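# Working through the structure, step by step
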There are 2 protein chains.
Amino acid sequence: MKKYTIKDIAELAGVSKGTVDRVIHKRGKVSQKALDKVTKILGEIDYRPNPIARNLKNNKVYQIYVVLPDPKEDNFWAPCVEGVIQAIEEFKSFLVDIKLFFYKPTSTASFKEINKKVLELGPDAVLLSPLFHKESISAVNNYRSAGIVVSTFNSQIVLEEAINYVGLDLYQSGRVAAKLMHTIVPDTHDIVICHFDETLNNAIHMQQKEKGFRDYFSELNGVDYTILTLSVDQTNPDLSLVNFLKSQDKAFGFFVTTSKSYNLVEILQGQRQKNIKVIGYDLLDENIDLLKKDMISFLIHQSPRTQTYLGLTYLIEHFLFNKEIPNKKLLPIGIVNSENLITYL
Amino acid sequence: MKKYTIKDIAELAGVSKGTVDRVIHKRGKVSQKALDKVTKILGEIDYRPNPIARNLKNNKVYQIYVVLPDPKEDNFWAPCVEGVIQAIEEFKSFLVDIKLFFYKPTSTASFKEINKKVLELGPDAVLLSPLFHKESISAVNNYRSAGIVVSTFNSQIVLEEAINYVGLDLYQSGRVAAKLMHTIVPDTHDIVICHFDETLNNAIHMQQKEKGFRDYFSELNGVDYTILTLSVDQTNPDLSLVNFLKSQDKAFGFFVTTSKSYNLVEILQGQRQKNIKVIGYDLLDENIDLLKKDMISFLIHQSPRTQTYLGLTYLIEHFLFNKEIPNKKLLPIGIVNSENLITYL
DNA sequence: ACAAAAAATGTGCTCGAACACACAAAAAAA
DNA sequence: TTTTTTTGTGTGTTCGAGCACATTTTTTGT
C-alpha cells in the first residue's frame, strides 16, 4: 500500500506540484488539459495528504476551552476536570492550549457570563456542558456565528443543526435502572423514583431518566408494580421526605435519578426495614462507600471523566490531524456493583 | 505557555542549533562551556520536541502486525477484527501498515507457525493474543530478541520483564459474576460453575475466573452456598452433562466461564425448572438473543473490540508521536443486561 | 613554531503540504 | 504588430527536528 505525495502525483501527471496543489484545493487557475491529467491520476490512486506534514506547516496553537460547572459547587464534576487534565497531559507536546472555565451550576447568570467571556476570548473550539437548556442554545449559536467549533457533553441539547455530543443516552439509562430493579425487587413491592437535587436544575436529565424507567415497566406484561415519583428540592426539605417515606410502608425499591443516592440512604437509615434496594447514579465517594456496604445495590456510571477526555481528544485530533468529529458518541451505560467498581476508577 | 523550538534554545544559549541537538541527544562532541550554557537554558524552560516535526523527518512506514485466532473458528474473535479494522481506518493517512494474521485456536502448531512467519517478516511491533501460555512466552522472547515491540491482549502472560497488556482482570471478573449471582440467587440454592469449552484451551482463563468467583463467596460471612464445578470438554459430551444436571436438583445459579452460555441454556431448556439464573461472558449473537429473552440474567463484557483497538492505538501513537505505551491497561468489567446491551454494540 | 590531527561548532539539506511569488504563455486591446 | 492584460505553470520557501557535512577552533606531536 504505497503512500503517495503531491510530488508523486505531479510526476505521474507530468505537471508541477503547484498545479497539483491547485487542482486538489480548487484554487487559482488551471487549464482543462492539466486538470484532466491530474484528476485522472487522482482517480487511479488513493491520495491522502499527510496530516503530519500539513499540521507542521500550519504551525498554529489551537485554543480549546472547556466550560463546565465548578466541581467545588457540585462534586459530580470533579472527574470531568480529571479527564481534561489527562487530555492536557497527553497533548502537552502538541500545539494545543486547553483552558478550563467554571460556572456556578446553580446560576444561569454565571453560565451566561462565563460563555460571554469565552466568546470574547475567541478560542478555536469550546467543549461545553450545557446544563441550562435555553441559555445553552443561545450560547452555542453565538459561538457558531463566531466560527467557533462547539462540542457538548453530559447532556444533549436539541438544535436545528446537529451538534457534537459525548455522553449517555439518559432515557436508556433509566431503562437500565428499571431492568435492574426488576431483577432484584419482587413484583409485589412498590417502587419510588426519587428526583433528588437541591436546585432542580437537572430537570431535563431527571425527566428523561424517569421516562425510561417507567417505559420499561409499562412495557412489561402481566406484572404490575406501583411506581411513585418523589421530587425533592429546596421548597421540599428533608422532613417532608421523611414523612412521605414513613407513609409508604410498602415501598421497597428506590431509583434515585441524580448522584445524591447517599442522601436518600442517610434519611432511610434506621427509618424503615433494612431490606430496601437502592439504585442510583455516579461514583461519588459517598455512594461508593454505601455500594460497598450493600446499602446501594447498583450505581449507574456516567463516565464523566471519559466524557471530557473523549470530547477533547476528538477536538484536538480534528484540528491537528483533520480527523472527523463523531456527531454523537454514546458511551456504554456502566452498571456498577461493589466488585467491578475498582475497574471504573 | 510558549512552545520552544531547538532554534529558540540555540538563540537563548548563544550557540547553534547543531550544538543544542548534540546536547539533547548526547551525541558528538560538545565543550563543557557550551554544554553548561545549553543545559542551563534547558533547565529554565520546558522544552518538548515537536512530535509532528520529528515524525515528518522520520518518514518511515511502521509495520504493525496483529496475531489472533481465526474468527471463523471461534466467533468470539470477530469483534477483535472489527477493532483492528477501526484502527486501520482511523490511521489510514498515517505512515502505518497494519496487517492481520490468524491462527487456529485449537492448534498450538498453527500458533507457532504463524508467529514464526511474522517473526521472519520482521515488523516493528506485534499485537498478540497469547492463547497458549508456554508457546506465547517463547514467541514473545523471540520477538524481543529481534527488537520487535510486543503488546498482548485478552489474556495476561507472566514474564520476568513486564509486557504491555490490554484486557480484563479475569480474576476480578469472576468476583463480579459472584456478586451478581449473590444479588439474584437466594442463598438456599446451589450454584454451578461451568467450564464450557470444546477444547479446554482457555484453561488459564477459566481457572482465574473460577478462583475469583469462589473467593467472593468464601469471603462472605454467615452464608453458605454449595458451589459445584463442572468441566465440559470433548471427552465429556452433552449426554453426560445432561445426566449431571439432572442429578443436581437443587442447582439454581449457573456461572459459565466462557462465551458458550448459549450452549448451556440450550441443554437446560425444558430439562429443569424454568427459574434458573445464568451468568456468562461475551456478547455473541446467541447469547444476546437469550439475554433479551431473560434466559441469561447477565453477560460480562470483555470488550474484545476495544482491546485490539486500544492496543493498536497505543502502538501507533508510540511510533508516530513518541507516546508512552501503558504497561497494563485493565478495561472496565462491563455488566450487561438486556437494556444497556445496545450501548455496548 | 608549524603542521597534522582532533575536537568543537555551525550550516544546510530533508521530510510533505501549503502558499507566495516569479515567470511564461496565451488572449485581448492598442 | 506591439503592448497590455489575463490565464496558466513552475519554483522556492516555510514549519521543527534530525543528521550529514563543512568549517572553524583547539590540541597534540615534531
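Note that the structure is a prediction, hence the values are computed from the model and not measured.

Before going further, it helps to examine the sheet that holds strand β5 (residues 164-167) of chain A. All names here are of chain A. An order of β2-β1-β3-β4-β5-β11 is seen for the 6 strands of this open sheet, with the pairing classed as parallel. The open sheet terminates on both sides in strands that have one partner only, identified here as β2 (96-103) and β11 (328-330). Each adjacent strand pair in this sheet contributes to an overall mean axis angle of 15°, direction not counted. In this sheet, strand β4 (residues 149-153) lies alongside strand β3 (residues 125-128) in parallel orientation, the contact comprising 4 bridges. The residue of β4 that forms the bridge with Val 126 is Val 150.

With that settled, the discussion passes to the domain arrangement of chain A. Segmentation of chain A into domains returns domain 1 (6-49), domain 2 (60-167 + 304-331) and domain 3 (170-301). Here domain 1 of chain A and domain 2 of chain A have C-alpha centroids that lie 38 Å from each other.

Okay, the interface of chain B and chain A next. Across the boundary between the two partners, chain B contributes 41 residues, which contact 41 residues of chain A. Between chain B and chain A, a total of about 4,000 Å² is buried, with carbon and sulfur atoms accounting for 61% of that surface. Three residues, Lys 3, Ile 52 and Glu 339 of chain B, lead the burial of chain B against chain A; their summed loss comes to 17% of the area buried on that side. Joining chain B to chain A, the criterion identifies 6 salt bridges.

All names here are of chain B. Between the first and last C-alpha of helix α5 (residues 78-90) there are 19 Å, a value that for 13 residues agrees with the 18 Å anticipated at 1.5 Å per step. Listing the buried residues of α5 in full gives Cys 80, Val 81, Gly 83, Val 84 and Ala 87. Buried residues in α5, looked at end-on, bunch into an arc of 155°, giving them a common side. Those residues of α5 that are buried are in contact with β1 (62-69), β2 (96-103), β4 (149-153) and α13 (304-321).

The next point concerns the pattern of salt bridges. Residue and element names in this part refer to chain A. The tally for this structure, following the rule as stated, stands at 38 salt bridges over all chains. Asp 21 is paired through a salt bridge with Arg 27; the nearest N and O atoms lie 3.0 Å apart. You can call Arg 27 partly exposed: its relative accessible area is 43%. Among the ionic pairs, Lys 260 bridges to Asp 74, the shortest N-O distance being 3.8 Å. Note that Lys 260 is positioned in the loop between β8 (251-256) and α11 (261-268) and Asp 74 in the loop between β1 (62-69) and α5 (78-90), a separation of 186 residues in sequence. We note that Lys 260, like Asp 74, is buried.

This paragraph deals with the packing of α11 of chain A against helix α12 (residues 285-292) of chain A. Residues and elements named next belong to chain A. Look at α11 against α12: their axes get within 8 Å of each other, and the N-to-C directions meet at 55°. The angle between α11 and α12 falls in the class oblique. Across from Ser 261, Tyr 262 and Val 265 in α11, the residues of α12 making contact are Glu 286, Asn 287 and Leu 290. Tallied by class, residues from the contact of α11 with α12 come to 3 nonpolar, 2 polar and 1 charged.

Below, the discussion takes up the protein's contact with DNA strand C. Surveying the vicinity of DNA strand C reveals 25 residues, the closest of which are Arg 27 and Arg 54 of chain A together with Ser 16, Ser 31 and Lys 57 of chain B. When atoms of DNA strand C within 4 Å of the protein are sorted by moiety, sugar and phosphate together comprise 63%. Between DNA strand C and Arg 27 of chain A there is a distance of 2.5 Å, counted from a phosphate oxygen to a side-chain nitrogen or oxygen. Backbone polar atom of Ala 53 of chain A to a base nitrogen of DNA strand C: 3.2 Å apart, as the coordinates give it. Every element with two or more residues in the surface near DNA strand C is listed here: α2 (17-25) and α4 (51-58) of chain A together with α2 (17-25) and α4 (51-58) of chain B. A total of 4 residues in the surface near DNA strand C trace back to one element, the largest contributor, which is α2 of chain B. Per-class residue counts for the surface near DNA strand C are 8 nonpolar, 8 polar and 9 charged.

Parameters and conventions
Residues numbered from 1 in each chain as written. Chains lettered and ligands numbered in written order. Predicted model: local features only at pLDDT ≥ 70, side-chain atom pairs only at ≥ 80, totals over all residues. Heavy atoms only, no water. Pairing = 2+ DSSP bridges. Helix = DSSP H or I, 4+ residues; strand = E, 2+ residues; numbered from the N terminus. Axes fitted to C-alpha atoms, helices over the stretch in contact; angles between N-to-C directions. Domains from an automatic or database assignment. Contact = heavy atoms within 4.5 Å. Buried area = accessible area lost by both parts, 1.4 Å probe. Salt bridge = Lys/Arg side-chain N within 4 Å of Asp/Glu carboxyl O. Expected span 1.5 Å × (residues − 1). Buried < 20%, exposed > 50% of the residue type's maximum accessible area, 1.4 Å probe, protein only. Arc of directions from axis to C-beta. Parallel < 35°, antiparallel > 145°, perpendicular 65-115°, else oblique. Nonpolar A, V, L, I, M, F, W, Y, C, P; charged D, E, K, R; others polar. Near = heavy atom within 4 Å. Polar contact = N/O pair within 3.5 Å; in protein donor to acceptor, adjacent residues only side chain to side chain.

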